[in-house]
Amino acid sequence: MATFLYKLGRLAFRRRHFVALIWVALLTLAGVGAAQAPPAGNGSFSIPGTEAQRAFDLLEQRFPGQSADGATARVVFKAPADQKMTDPANKSVVDKAVGELADGSEVVAVADPYQSQAVSQDGTIAYASVRYDAPGMELDDSSKDALQEAAQNARSAGLTVEIGGDALHAVPETGATEVIGIGVAAVVLVVTFGSLVAAGLPLITALIGVGIGVSTITALAGVLELGSTTSILAMMIGLAVGIDYALFIVSRYRTELAEGRDREDAAGRATGTAGSAVVFAGLTVVIALVGLAVVNIPLLTKMGVAAAGTVAIAVLIALTLIPALLGYAGAKVRPAGAKSRLTGRRGARAPEDGTGADAGPARANLGTRWARFVIRRPVVVLLVGVIGLGAAAIPASSLALGLPDDGAQPTSTTQRRAYDLLSEGFGPGFNGPLMVVVDAKDSTSPQDAFARVGDEIQGLDDVMAVTPAQPNKAGDTAMITVIPDSKPSSTETEDLVHAIRDAGASLQADSGAEVLVTGSTAMNIDVSEKLNDALLPYLVLVVGLAFLLLIVVFRSILVPLKAALGFLLSVLAALGAVVAVFQWGWLSTVMGVEETGPVMSMMPIFMVGVVFGLAMDYEVFLVTRMREAHVHGESPGQAVVTGFRHGARVVTAAAVIMIAVFAGFIGSSESMVKMIGFGLAVAVLFDAFIVRMAIVPAVLALLGKRAWWLPKWLDRALPNVDVEGEALRTAETGPADPDGDRELARA
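What you are looking at is a predicted structure, and each value in this text was computed from that prediction instead of being measured.

Counting its secondary structure elements, the protein chain contains 23 helices and 11 strands. Considering the protein chain as a whole, with its 747 residues, one finds that 56% of them fall into the buried category. Just so you have it, the protein chain exposes about 30300 Å², and 59% of that area is on carbon and sulfur atoms.

And the structure:
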């Protein structure tokens, strides 16, 4: 592989105009497609194989024309102080608003609050329910404008009016912190390279890659029913890995220049060595993201595939566009150790013999000193690292899962204020009604079955109200709405869903009628359980495939095993931090968390997938340099020192950049994006600076030569991918011919 990538790097360097033109054309094409595409919405949400989904499908079949998937809105009215919504003046305002709402072209029905008994017991709050014939993401702007105009007219008449539901769905915003994250990345790159040109290359290529990836996702959002958060998550991951991959290749290029190679040869060798590590690091990320398909939730699968596509683009750009831009930069990208024009200081210079041998205290950079410290005290470092991560992981034992509703929205939104008003007037469970579907097609007496189900549910705990059964035209299916006494995300409501299902099982045996529970609350519960059940198989699949891949890369059994165990430590510690902030409320004010509650159901499995891929990035980049030194004759301990001398500075910069990019998304208005941004930032912090920088060298120091042990039969069976670029070292030295092939003829 190193030989092929070497040729590719030299070709891109030499044919830089052609390579740059291709990427600019792709960016332009994707941008035009995105500009002409309709805006993304929430994406179609289905959970195959669950009771809630079966009930939803049954409703569409037995209640045709009811627009079961149509958008809904609850227009909530609150009377001024010392007044009632039943006062004639206030009733007149509401009647006028209901009439305005009913005029919409996409409106199916509007429920008058006075006819549907949608007035609170104290008379201060009422609501009108609006149903549309199109999903929230497909509603015309005119319908949304009419909804807001009707609410504003009622506000002008003196009422407090807020709008809940999904009819006013808005694309989430990331805020200014995203730009700050990119700014931090730029500062770190300048400090690392001491050159604006060298620092600009990773930023430019990462932005091009993300631009292509996100624009493509936007262009295909309508066709593939991709949610609005899909492009944000792809941007988050694409920026992080795009900058990091380019950073590693540019850093290796400067090292090759410092060893006296000409620029074209240095670009080729940087692509052949660091580029090989980029390929395998990218593969681990792609495997982890595409592996999300095992959960069998289409929305999660699409998110994973879209993000994986952006990572693949980042890898291709690093292998082709970076060498091309290095050709344009010329002498402006200086060798490692050259005096910086910005700082006036010299950076750490690689040994000119390329062996990594220590040249004395004058060349001992911070990475070298830290590696020597760890080698002298491996047991202490290992214990401190493991105990520290274990302590951070303790809150994860209290992990409670759920999906966010309007109660998790910022208090500045009308959806959240409507949620609070409904809770105030009708109880917390009113925001999460359960829809019970009774399929009595096989029952001898459907009407008796409907009545019996309603009576049975009324006698359960945590039930505030049960509406009479509403049968369809055929009279074989009915809907019953159940209002819990607790808020949608509570364990009491979850217990009620299971209690209704348990009662339905016995009723089916007696009456022949099947009882199914659906609605957004029941779907959220089913998603949480489905994700919990899928977590272990997903871990086995992703970690297993990546373990095999790392065996090929490192030609070792214990190094990949250590990498996987270290990942588990960092992801558990990161989950503990997420629970402490978003569930327990620690530092919630600093993080902008206005409402604590269960952790988003998708968070653990999504974090496992993304963090595993990113953790393997640092493992590959750091440990391949150690293996490279060991293969060339250094002792295991000295190989660790050499790996840190060459890689610690760059890996540290890459980790800081990735943390900054992820942390930038904490400012998002979408609770899901905020939580994922925080979780990934903390996970990278733990994995890069505790696991890879402390636990990994400590374990390697304790294992010694055993770390690189591989059974002979397995060594013969495995393909030689040559990540370290051994073929390049044994190739013929001397001036390169114009085609860049002769010096590799005997590689």
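So, on to the nonpolar core. The tendency in soluble globular proteins is for nonpolar side chains to be buried side by side. Ranked by internal contacts, the top residues of the largest apolar core, which has 165 residues, are Tyr245, Tyr253, Leu300, Phe606, Phe662, Ile676 and Phe678. The next biggest cluster of nonpolar side chains, apart from the first, holds 27 residues, and it includes Val93, Tyr132, Ala150 and Ala151.

Here we have 4 strands laid out as an open sheet, ordered E2-E3-E1-E4, and antiparallel in their pairing. Strand pairing shows two members of the sheet lacking a second neighbour, strand E2 (107-111) and strand E4 (160-165), which therefore form its edges. Shown here is a sheet whose adjacent strand axes are inclined to one another by a mean of 20°, direction ignored. Along the sheet, helix H5 (residues 141-156) contacts strand E1 (72-78), strand E3 (125-132) and E4; its crossing angle with E4, the most-contacted strand, is approximately 155°. Docked against the sheet, helix H13 (residues 414-426) engages E1, E3 and E4, running at close to 105° with respect to E4.

Once that is clear, we can look at the packing of helix H11 (residues 366-376) against helix H21 (residues 671-703). At a closest axis distance of 9 Å, the pairing of H11 and H21 adopts a crossing angle of 50°. Classed by the angle they form, the pair H11 and H21 counts as oblique. The handedness of the crossing between H11 and H21 comes out as right-handed. The segment H11 lies against H21, with Trp370, Val374 and Ile375 engaging Met693, Ala694, Pro697, Ala698 and Ala701. When grouped by side-chain class, the residues that make up the contact of H11 with H21 number 8 nonpolar, no polar and no charged.

On to the side chain of Asp687. Positionally, Asp687 belongs in helix H21. Taking the relative accessible area as the measure of exposure, Asp687 reaches 2% and is therefore buried. Residues within four places of Asp687 in sequence aside, it is in contact with Gly566, Phe567, Ser570, Ala615 and Arg692.

This brings us to the pattern of salt bridges. Under the definition given, this model contains 20 salt bridges. Between Glu264 and Arg10 there is a salt bridge whose closest N-O contact spans 2.9 Å. One end of the pair, Glu264, is in helix H9 (residues 263-290); the other, Arg10, is in helix H1 (residues 2-14), with 254 residues separating them in the sequence. Just as Glu264 is buried, Arg10 falls in that class too.

Residues other than glycine predominantly adopt negative phi, and peptide bonds predominantly adopt the trans conformation. With phi around 55°, Gln117 is a residue other than glycine that occupies positive phi space. By the secondary structure assignment, Gln117 is in the loop between E2 and E3. If you check the backbone angles, Arg555 has positive phi at about 50° while not being a glycine. Its place among the elements puts Arg555 in the loop between helix H16 (520-554) and helix H17 (558-583). Here Arg555 falls in the buried class, since its relative accessible area comes to 12%.

Counted according to the given criterion, the structure contains 6 aromatic pairs. Ring geometry for Tyr127 against Phe430: centres 5.1 Å apart, planes inclined by 65°, an arrangement best described as edge-to-face. Taken together, the residues span a long stretch of sequence, with Tyr127 in strand E3 and Phe430 in the loop between H13 and strand E6 (434-439) at a distance of 303 residues. Comparing Tyr127 with Phe430, the two get one shared label, buried. Geometrically, the ring pair formed by Phe582 and Phe678 is edge-to-face, given 5.6 Å between the ring centres and 65° between the ring planes. Note that Phe582 is positioned in helix H17 and Phe678 in helix H21, a separation of 96 residues in sequence. In this structure an aromatic cluster arises from ring pairing among Tyr127, Phe426 and Phe430. Residue placement shows Arg16 over the ring face of Phe13; its charged tip is 5.4 Å from the ring centre.

Between its first and last C-alpha atoms H13 spans 18 Å; for 13 residues at 1.5 Å apiece the expected length is 18 Å, and the two agree. Listed as buried for H13 are Thr414, Gln415, Arg416, Ala418, Tyr419, Leu421, Leu422, Gly425 and Phe426. Contact partners of the buried residues in H13: E1, E3, H5, E4 and strand E7 (463-466). Phi for Gly427, located one or two positions after H13, is positive at around 100°.

Relative orientation of the contacting elements H1 and helix H10 (residues 298-329) amounts to 45°, with a least axis distance of 7 Å. Looking at the two axes, H1 sits oblique to H10. When the axes of H1 and H10 are compared, the crossing they make is right-handed. Facing H1, whose interface residues are Leu5, Leu8, Gly9, Ala12 and Phe13, H10 presents Leu319, Thr320, Pro323, Ala324, Leu326 and Gly327. Along the lines of polarity and charge, the residues of the contact of H1 with H10 split into 8 nonpolar, 3 polar and no charged.

Turning our attention to the pairing of strand E10 (residues 514-518). Extensive coverage of E10 is indicated by the burial of 4 of its 5 residues. Inspection of the sheet shows E6 paired to E10 by 5 bridges, in the antiparallel sense. In the strand pairing of E10, Val436 is matched with Val517.

It is worth spelling out helix H3 (residues 51-62) at this point. Compared with the 16 Å implied by 1.5 Å per residue over 12 residues, the 16 Å span of H3 between its first and last C-alpha is a close match. Considering only its buried residues, H3 is in contact with E6, strand E9 (477-484), helix H15 (491-511), E10 and H16.

Nonpolar side chains collect at one region of the surface, where Val294, Leu541, Leu545 and Leu548 lie side by side and expose about 320 Å² of accessible area between them. Along the chain, the position of Leu541 falls in helix H16.

With respect to the element layout, Ala653 can be found in helix H20 (residues 636-663). Judged by its relative accessible area of 4%, Ala653 falls in the buried class. In this view, Ala653 contacts Val188, Thr192 and Leu247; residues no more than four positions away in its chain are not counted.

Reading the values: rules and limits
- Residues numbered from 1 in each chain as written.
- Predicted model: local features only at pLDDT ≥ 70, side-chain atom pairs only at ≥ 80, totals over all residues.
- Heavy atoms only, no water.
- Helix = DSSP H or I, 4+ residues; strand = E, 2+ residues; numbered from the N terminus.
- Buried < 20%, exposed > 50% of the residue type's maximum accessible area, 1.4 Å probe, protein only.
- Areas by Shrake-Rupley, 256 points an atom, 1.4 Å probe, with all protein chains shown as cover.
- Core = buried A, V, L, I, M, F, W, Y, C linked by side-chain atoms within 4.5 Å.
- Pairing = 2+ DSSP bridges.
- Axes fitted to C-alpha atoms, helices over the stretch in contact; angles between N-to-C directions.
- Contact = heavy atoms within 4.5 Å.
- Parallel < 35°, antiparallel > 145°, perpendicular 65-115°, else oblique.
- Left-handed = near helix turned anticlockwise from the far one by under 90°.
- Nonpolar A, V, L, I, M, F, W, Y, C, P; charged D, E, K, R; others polar.
- Salt bridge = Lys/Arg side-chain N within 4 Å of Asp/Glu carboxyl O.
- Phe/Tyr/Trp six-rings, centres within 6.5 Å; stacked < 30°, edge-to-face > 60°.
- Lys NZ or Arg CZ within 6 Å of the ring centre and 35° of its normal.
- Expected span 1.5 Å × (residues − 1).
- Patch = residues over 30% accessible without salt bridge, like charges linked within 9 Å, V, L, I, M, F, W, Y side chains within 5 Å.

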